[in-house]
Amino acid sequence: TVNSFAVNEVLQGKSGFTESKDYRGIETLNAYKPINVSGLNWGIIAKMDTAEAFAPIYSLAHKMIINLIGLVLLILLFSTIVGIGLARQISAPIEKISLAMRILEQSQDLTRRIEYNVKDEIGDMTTATRVGFIGTETAGSLIRLSWHSI
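Everything in this summary refers to the structure shown in the same document.

**Examining the packing of aromatic side chains**
Tallying each qualifying case throughout the model produces two aromatic pairs. The interplanar angle of 85 degrees and the centroid separation of 6.5 Å between the aromatic rings of Phe5 and Tyr32 together place this pair among those described as edge-to-face. In this pair, Phe5 sits in helix H1 (residues 5-11) while Tyr32 sits in strand S2 (residues 27-37), placing the two residues 27 residues apart along the sequence. Using a relative accessible area of 7% as the deciding quantity, one classes Tyr32 as buried. The ring of Tyr23 carries Arg24 above its face, with NZ or CZ at 5.9 Å from the centroid.

So this is what it looks like as structure tokens:
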């Protein structure tokens with residue numbers, strides 16, 4: 001004889017769903033319902049191992065996690081590439097100005113011009129530096145003229 005919760009419930013005319021361990025000690029899902037076949041009171045019980053019933057859900061969850069990790073890695077890669085590009089775009093003009101300033105410092109030639117013709121903050125800084133050098137150059141010329149006239 002088979003003795004389980006589902007069998008006892010079906011024999012009492014009840015239907016339902018349970019989760020229990022079977023004779024092997026493995027968790028199972030059970031659905032049961034009494035049926036009347038030609039005046040005979042029968043019952044139907046469907047049983048499936050819990051692991052087997054939930055396998056598609058676990059598989060889908062596993063695939064979703066792998067896809068999510070892949071998406072995060074792609075976003076990080078894209079962000080890194082964009083960040084490096086922006087950093088280079090910002091730092092290249094500054095490095096160019098810095099190099100020009102070092103050349104001016106070493107040559108002591110205030111007539112040299114820093115060529116940077118872009119309308120941004122670095123361009124404004126270049127223009128301001130150029131104006132400063134012109135002012136220094138003019139002041140130097142005036143001092144030389146004053147010195148020669150003495």
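We are not done yet, so read on.
**What to know about helix H2 (residues 50-107)**
If you check H2, its first and last C-alpha atoms are 83 Å apart, about what 58 residues at 1.5 Å a residue would give, namely 86 Å. Residues Thr50, Pro93, Ile97, Ala100 and Leu104 constitute the buried set of H2.

**Concerning the pattern of salt bridges**
Tallying each qualifying case throughout the model produces three salt bridges. Salt-bridge contacts for Lys47 lead to Asp22; the nearest nitrogen and oxygen are separated by 3.1 Å. Of the two residues, Lys47 is situated in strand S3 (residues 40-49) and Asp22 in the loop between strand S1 (16-21) and S2; the sequence distance between them amounts to 25 residues. Since its relative accessible area comes to 12%, Asp22 is described here as buried. Between Arg24 and Asp49 there is a salt bridge, with its nearest N and O atoms 2.6 Å apart. Of this pair, Arg24 sits in the loop between S1 and S2 while Asp49 sits in strand S3; the two residues are 25 residues apart in sequence, bridging distant segments of the chain. Judged by relative accessible area, which is 41%, Arg24 ranks as partly exposed. Residues joined in a network through salt bridges with shared partners are Asp22, Arg24, Lys47 and Asp49.

Thresholds, definitions, all that
- Residues numbered from 1 in each chain as written.
- Predicted model: local features only at pLDDT ≥ 70, side-chain atom pairs only at ≥ 80, totals over all residues.
- Heavy atoms only, no water.
- Phe/Tyr/Trp six-rings, centres within 6.5 Å; stacked < 30°, edge-to-face > 60°.
- Helix = DSSP H or I, 4+ residues; strand = E, 2+ residues; numbered from the N terminus.
- Buried < 20%, exposed > 50% of the residue type's maximum accessible area, 1.4 Å probe, protein only.
- Lys NZ or Arg CZ within 6 Å of the ring centre and 35° of its normal.
- Expected span 1.5 Å × (residues − 1).
- Salt bridge = Lys/Arg side-chain N within 4 Å of Asp/Glu carboxyl O.

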